[in-house]
Amino acid sequence: DVKVTQSSRYLVKRTGEKVFLECVQDMDHENMFWYRQDPGLGLRLIYFSYDVKMKEKGDIPEGYSVSREKKERFSLILESASTNQTSMYLCASSLIPGGSYYYFGQGTRLTVV
Amino acid sequence: TQLLEQSPQFLSIQEGENLTVYCNSSSVFSSLQWYRQEPGEGPVLLVTVVTGGEVKKLKRLTFQFGDARKDSSLHITAAQPGDTGLYLCARGSNYQLIWGAGTKLIIKP
């Protein structure tokens, strides 16, 4: 059974904290993605990576960074959390970006207070 | 970004009723994916449609890809409470998927 696992389901952090969201996949996929999901706005792409140590900005990268040191792991970093980053964060992986279906993790609901 | 518009945004119906939700674009796309996202979970792929006019069935769910490949629909027959969730459509574009905002479906027992 293929899996994308996110390290936390729920997180509460204070404004200004550095936040790490971890994602691990076991499918040997080269492509991994971080989205945030807000009501009425759908899924918005923050960053994606098509290979180890490679990263590309998505539609809303401001305030975020990413790290991909190993193929199976893709981390999202909020350098200094702000209340407008309160959201559901979803990690996904795929064999072919945009050309095959995506496997998603269970999501991390982050609240910044 | 070429948008995908989903309608309705929200639908609440009684168990046993039929419903249709839509996914539309102003441009042609080569394929379309439908996902369902249950509360507190990530989206899960239901189906991919690739050929204009294609119809795919998944138990009580029927997916149709428009002849012109600019639109798609999802029809659910005799909806069940287990069908409750957010239904998302997505199309490929360059190196990513473009997502619709989703239809939130609630089936009341």
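Residues numbered from 1 in each chain as written. Chains lettered and ligands numbered in written order. Predicted model: local features only at pLDDT ≥ 70, side-chain atom pairs only at ≥ 80, totals over all residues. Heavy atoms only, no water.

### Description of the overall build of chain A
So, point 1. When helices and strands are tallied, chain A shows zero helices and 11 strands.
So, point 2. When the helices and strands of chain A are listed from N to C terminus, the series reads β-β-β-β-β-β-β-β-β-β-β.
So, point 3. Taking 13 Å as the expected radius of gyration for a compact globule of 113 residues, we find that chain A reaches 13 Å, a close match to that expectation.
So, point 4. Once the C-alpha set of chain A is aligned to its principal axes, its extents read approximately 35 × 30 × 25 Å.
So, point 5. Counting the 113 residues in chain A, one finds 51% classified as buried.
So, point 6. Of all intrachain contacts in chain A linking residues separated by at least 6 positions in sequence, the fraction that spans at least 24 positions is 54%.
So, point 7. For chain A, the exposed area adds up to about 5500 Å²; of that, 50% sits on carbon and sulfur atoms. (Helix = DSSP H or I, 4+ residues; strand = E, 2+ residues; numbered from the N terminus. Rg over C-alpha atoms; globule rule 2.2 N^0.38 Å. Buried < 20%, exposed > 50% of the residue type's maximum accessible area, 1.4 Å probe, protein only. Contact = heavy atoms within 4.5 Å. Areas by Shrake-Rupley, 256 points an atom, 1.4 Å probe, with all protein chains shown as cover.)

### Some details on the interface of chain A and chain B
The accessible area lost on association of the parts is a frequent measure of interface size.
So, point 1. Listed as interface residues are 21 residues of chain A and, on the opposing side, 18 residues of chain B.
So, point 2. Between chain A and chain B the total buried area reaches about 1500 Å² when both faces are included, carbon and sulfur atoms providing 55% of it.
So, point 3. Put simply, chain A and chain B have one salt bridge between them.
So, point 4. For B:Glu41, the salt bridge identified is with A:Arg9, shortest N-O distance 2.9 Å. (Buried area = accessible area lost by both parts, 1.4 Å probe. Salt bridge = Lys/Arg side-chain N within 4 Å of Asp/Glu carboxyl O.)

### Things to note about the environment of A:Met27
So, point 1. You can see A:Met27 is positioned in the loop between β3 (19-25) and β4 (31-38).
So, point 2. On a C-alpha basis, the gap between A:Met27 and A:Lys3 in space is 7.1 Å, while along the polypeptide they are 24 residues apart.

### A word on the pairing of strand β8 (residues 71-76) of chain B
Along a regular strand, successive side chains alternate from one face of the sheet to the other.
All names here are of chain B.
So, point 1. Bridge count for strand β3 (residues 19-24) against β8 is six bridges, and the pairing is antiparallel. What sits directly across from Cys 23, in β8, is Ser 72.
So, point 2. Bridge analysis of strand β7 (residues 61-65) against β8 gives five bridges, and the strand direction is antiparallel. Residue Phe 63 lies in a different strand from β8, and its bridge partner there is Leu 74.
So, point 3. Hairpin connection between β7 and β8: a loop of five residues separates the two successive antiparallel strands, and Arg 69 in this loop has a positive phi of roughly 55 degrees. (Pairing = 2+ DSSP bridges.)

### Notes on the sheet that holds strand β7 (residues 64-70) of chain A
All names here are of chain A.
So, point 1. Strand order in the open sheet formed by four strands is β1-β3-β8-β7, and the pairing between neighbours is antiparallel. The two strands at the open ends of the sheet, each matched to only one other strand, are β1 (4-6) and β7. Sheet twist, expressed as the average angle between the axes of neighbouring strands with direction ignored, equals 20 degrees.
So, point 2. Alignment of β1 against β3, held across three bridges, turns out to be antiparallel. (Axes fitted to C-alpha atoms, helices over the stretch in contact; angles between N-to-C directions.)

### Regarding the sheet that holds β3(B)
Residues and elements named next belong to chain B.
So, point 1. Within the open sheet, the five strands sit side by side as β1-β3-β8-β7-β6. Their pairing is antiparallel. In this open sheet, the two edge strands, each paired with only one partner strand, are β1 (5-7) and β6 (55-58). Adjacent strand axes in the sheet meet at a mean angle of 15 degrees when their direction is disregarded.

### Looking at the state of the cysteines
So, point 1. Under the criterion given, the structure shown has two disulfides over all chains.
So, point 2. Across the disulfide, A:Cys23 is cross-linked to A:Cys91 (sulfur-sulfur distance 1.9 Å). The disulfide joining A:Cys23 to A:Cys91 has a torsion of about -75 degrees about its S-S bond and is therefore left-handed. Taken as a pair, A:Cys23 in strand β3 and A:Cys91 in strand β9 (residues 87-94) lie far apart in primary sequence, 68 residues in all. One exposure class covers both A:Cys23 and A:Cys91, and it is buried.
So, point 3. One disulfide bridge connects B:Cys23 with B:Cys89, the sulfur atoms lying 2.0 Å from each other. Its S-S torsion of approximately 80 degrees makes the covalent link between B:Cys23 and B:Cys89 right-handed. You can see B:Cys23 sitting in strand β3 and its partner B:Cys89 sitting in strand β9 (residues 85-93), a full 66 residues away along the chain. (Disulfide = S-S within 2.5 Å.)

### Concerning the environment of B:Val28
All names here are of chain B.
So, point 1. Note on placement: Val 28 falls in the loop between β3 and β4 (32-37).
So, point 2. Take Val 28: its relative accessible area is 43%, and that puts it in the partly exposed class.
So, point 3. Placed 49 residues apart in sequence, Val 28 and Thr 77 show a C-alpha to C-alpha distance of 28 Å.
So, point 4. The residues touching Val 28, leaving out its near neighbours within four places in the chain, are Ala 68, Arg 69, Lys 70 and Arg 91.

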